[in-house]
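Structural characterization, general
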Amino acid sequence: MKRFIQALCLIVVCSMGLSSCLKGNDTEVSVYQETAIVSMSISAVNRYIHTLSKTGKDSVYKKTLGQSTTPVFVIDQAKYEIYNPDSLPNDADLEHVKISMTGSTRSGTIFIHSLDEKDALELYSSSDSIDFRTPRTFRVYNNNLTIYRDYKVTVNKHQVATEKILWEERPLKDYPDSLDKLKAKWETIVKEAGLDRFIGAGSHEAYAYDKDRKLMVSKDKGKTWAADELDSDASLLPVYSYSFVTYPLTTNLEDDCHLLIGLNGDHPEACGIWRKIAEFHDSQSNKWTYMPLEAYNRYYLPATQNLALVWFNFDVLAITTNNIYSSSDGGITWKKDSRYPMPNKVTEITKVDALVDIWGDLWLKDVTAGKVWRGTFIQD
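Worth saying up front: this structure is predicted, and the values here are computed from it rather than measured.

Rules and cut-offs
- Residues numbered from 1 in each chain as written.
- Predicted model: local features only at pLDDT ≥ 70, side-chain atom pairs only at ≥ 80, totals over all residues.
- Heavy atoms only, no water.
- Salt bridge = Lys/Arg side-chain N within 4 Å of Asp/Glu carboxyl O.
- Helix = DSSP H or I, 4+ residues; strand = E, 2+ residues; numbered from the N terminus.
- Buried < 20%, exposed > 50% of the residue type's maximum accessible area, 1.4 Å probe, protein only.
- Pairing = 2+ DSSP bridges.
- Axes fitted to C-alpha atoms, helices over the stretch in contact; angles between N-to-C directions.
- Core = buried A, V, L, I, M, F, W, Y, C linked by side-chain atoms within 4.5 Å.
- Contact = heavy atoms within 4.5 Å.

This brings us to the pattern of salt bridges. Under the definition given, this model contains 16 salt bridges. For Arg-139, the salt bridge goes to Asp-150, with nearest N and O atoms at 2.8 Å. Placement of the pair is Arg-139 in strand S8 (residues 136-141) and Asp-150 in strand S9 (residues 148-154), with a sequence separation of 11 residues. Salt-bridge contacts for Asp-174 lead to Arg-170; the nearest nitrogen and oxygen are separated by 2.9 Å. Overall, the relative accessible area of 22% leaves Asp-174 in the partly exposed class. Accessibility expressed as a relative area gives 27% for Arg-170, which makes it partly exposed. Bridged by salt links that share partners, the residues Glu-168, Arg-170, Lys-173, Asp-174 and Arg-374 form one connected network.

See below:
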């Protein structure tokens, strides 16, 4: 209550001084009597996201959402209510929310009813975090403090967890360059070894094509290379428009599952898919296995000239210029999944690149247009 009285006295003194000065110059003073809250947005709210590391250990990391990634608030001037129709994620911390709020008058003051002391008012500040676990009442005054209105402000978040990607467009400079640096390092190693093209690398093995389009493997970080074993004809290997992804095997997180996907002449309507289970605790050699398109499989990955593979949210995603397909069975079936939409208002990407950063966020880049989006998988 003391904070309110001090703030109120200061505003009254300033208003009287301003009126006195203007009166001496014979200037007519008009004080705006009406008052309203005309805008509100969230400037910062934290999410505490549970995730699993590669070793299967549960961990939590904090992610701050700003104005561009939080819902729009509706102001009902008839009922004096403010709320967000689209809820925040289920893991949003409503106990500590920073908001930006403005009134309709130039010097009108906004207060918030205290949670601790009945009928007490506290001066609103955009730098203070506010507890929105329950609806809060805000009071906005006119310029000369003769009229006020109270607004009930509710910040909604989902009560039941659902899953989807929340996309945010980011500057091109924000696109992580760690994988590009790693790829450039491997490409140098491959060239120095007299090979043709780098394919990809897992936790223990790296792969490249030699100049005769033979699939080569290195098990000593590129020092030596040898032809890798295949279970089918090498002519079925994708040698253009291909992409590689590696991820830990679900049955043993110390082992890898590799997918090499691209175009070959076997099925022109579908991508050719090769898979290798690299079990490093087993002394037996692991072969690349060709996964032919079966007649009964309606969920194949359509042929595309541009493809990026990532392992995201325990699924393999194949990102094309206009769709995202997911596979949860190691590349056998591919489906469009409502959890993985393209970024809003994006219908086609000229040349696609994608990666997952150390925080588990999915990054998508239109290489030609120079546009970048960051996707966070949320449980609302």
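Across the sheet, six strands lie side by side as S3-S4-S9-S8-S6-S7; this open sheet has mixed pairing. In this open sheet, the two edge strands, each paired with only one partner strand, are strand S3 (74-76) and strand S7 (121-123). Each strand axis lies, on average, 30 degrees off the axis of its neighbour in the sheet, ignoring direction. Pairing geometry for strand S6 (residues 110-113) and S8, over three bridges, is antiparallel. Counterpart to Ile-112 in the pairing with S8 is Phe-138.

Of all hydrophobic cores here, the largest spans 24 residues; its most connected members are Met-40, Ile-42, Ile-99, Met-101, Phe-132, Phe-138 and Val-155. When residues of this core are traced back to their parent elements, those giving at least two are strand S1 (37-52), strand S5 (92-103), S6, S8 and S9. Looking at which element gives the most residues to this core, the answer is S5, with five residues. Not counting residues within four places of it along the chain, the set of residues in contact with Phe-132 comprises Met-40, Leu-94, Val-97, Ile-99, Phe-138, Val-153 and Val-155. Counting 18 residues, the second-largest nonpolar core is a separate cluster that includes Trp-167, Val-310, Tyr-340 and Trp-373.

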